[in-house]
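# Report on the structure
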Amino acid sequence: MSYESIKVDIIPGAENAEVLHFSQYDNKRPFFIELFNGGAEFIPESGMSLTLECRKRDGNIVILSDPVLNDNVAEFSTTEQLTACYGDNEAEIKIVDDNDLVIGSANFIINVEKSPTCGGLPSDSAIDNLEQQIEAGASGLLLMGSM
């Protein structure tokens, strides 16, 4: 299985924000963020912590912590809360070092595709057992015909 990967510069102000794509309610779907500093690979130093901070369209904040780091690539996984709001949600990578230096990366977009079931009502019918319903109905008709 392949998962999405985007490139994010730790220097804010990207003109064309990168976009991650998910389905609504995706949970534990891995994704990768390649970190750059002015176009050169940015490899976090020992003692630096990274978080992904996302402001969802509903105004709520989701923070993902402790990604798996492999050189300049941070691996995160979605949570149901991260993908709860369909549409475009703003995000950035926040980096904190041992001296409490805090920097935010260029913003990127977490685009969540609306689930076909979002806002829908469960059906009262049981389509899964339609054959059984037809057979039961036919049996009932046969019983009524023998009266």
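A quick note: this is a predicted structure, and the numbers were derived from the prediction, not measured. (Residues numbered from 1 in each chain as written. Predicted model: local features only at pLDDT ≥ 70, side-chain atom pairs only at ≥ 80, totals over all residues. Heavy atoms only, no water.)

This part is about the overall build of the protein chain. The secondary structure content of the protein chain amounts to 1 helix and 11 strands. Element order for the protein chain, N to C, with α for helix and β for strand: β-β-β-β-β-β-β-β-β-β-β-α. Counting only residues that meet the buried cut, the protein chain has 29% of its 147 residues in that class. Considering only residue pairs separated by 6 or more positions, the protein chain has 68% of its internal contacts joining residues 24 or more positions apart. Summed over its atoms, the accessible surface of the protein chain is roughly 9,700 Å², and 50% of this surface lies on carbon and sulfur atoms. (Helix = DSSP H or I, 4+ residues; strand = E, 2+ residues; numbered from the N terminus. Buried < 20%, exposed > 50% of the residue type's maximum accessible area, 1.4 Å probe, protein only. Contact = heavy atoms within 4.5 Å. Areas by Shrake-Rupley, 256 points an atom, 1.4 Å probe, with all protein chains shown as cover.)

Quick look at the nonpolar core now. Inside soluble globular proteins, nonpolar side chains tend to come together where they are buried. Ranked by internal contacts, the top residues of the largest apolar core, which has 23 residues, are Phe31, Ile33, Leu52, Ile93, Phe108 and Ile110. Among the elements of the structure, β1 (5-9), β2 (19-23), β3 (30-37), β5 (49-55), β6 (61-65), β8 (73-77), β9 (87-96) and β11 (108-113) are those that each provide at least two residues to this core. (Core = buried A, V, L, I, M, F, W, Y, C linked by side-chain atoms within 4.5 Å.)

Leaving glycine aside, a negative phi is the common case for residues, and trans is the common case for peptide bonds. Even without being glycine, tyrosine 25 reaches a positive phi, approximately 75 degrees. Position of tyrosine 25 relative to the elements: it lies in the loop between β2 and β3. Look at tyrosine 25 and you get partly exposed, because its relative accessible area is 35%.

In this section: the packing of aromatic side chains. Counted by the stated rule, this structure contains 2 aromatic pairs. Between phenylalanine 31 and phenylalanine 76, the ring centres sit 5.8 Å apart and the planes meet at 20 degrees, which makes this aromatic pair stacked. Of the two residues, phenylalanine 31 sits in strand β3 while phenylalanine 76 sits in strand β8, which places them 45 residues apart along the sequence. Accessibility assignment for this pair places phenylalanine 31 and phenylalanine 76 in one class, buried. By the ring-pair criterion, three or more aromatic residues cluster together here, those being Phe22, Phe31 and Phe76. Sitting over the face of the ring of tyrosine 86, arginine 57 holds its NZ or CZ atom 5.7 Å from the ring centroid. (Phe/Tyr/Trp six-rings, centres within 6.5 Å; stacked < 30°, edge-to-face > 60°. Lys NZ or Arg CZ within 6 Å of the ring centre and 35° of its normal.)

With respect to the element layout, proline 67 can be found in the loop between β6 and β7 (68-70). Overall, proline 67 belongs to the buried group, its relative accessible area being 15%. Spatially, the C-alpha atoms of proline 67 and threonine 51 are 7.4 Å apart, while their sequence positions differ by 16 residues. Ignoring any residue separated from it by four or fewer positions in sequence, one finds proline 67 in contact with Leu50, Ala74, Glu75 and Phe76.

Remember that the coordinates give geometry; whether it matters functionally is a separate question.
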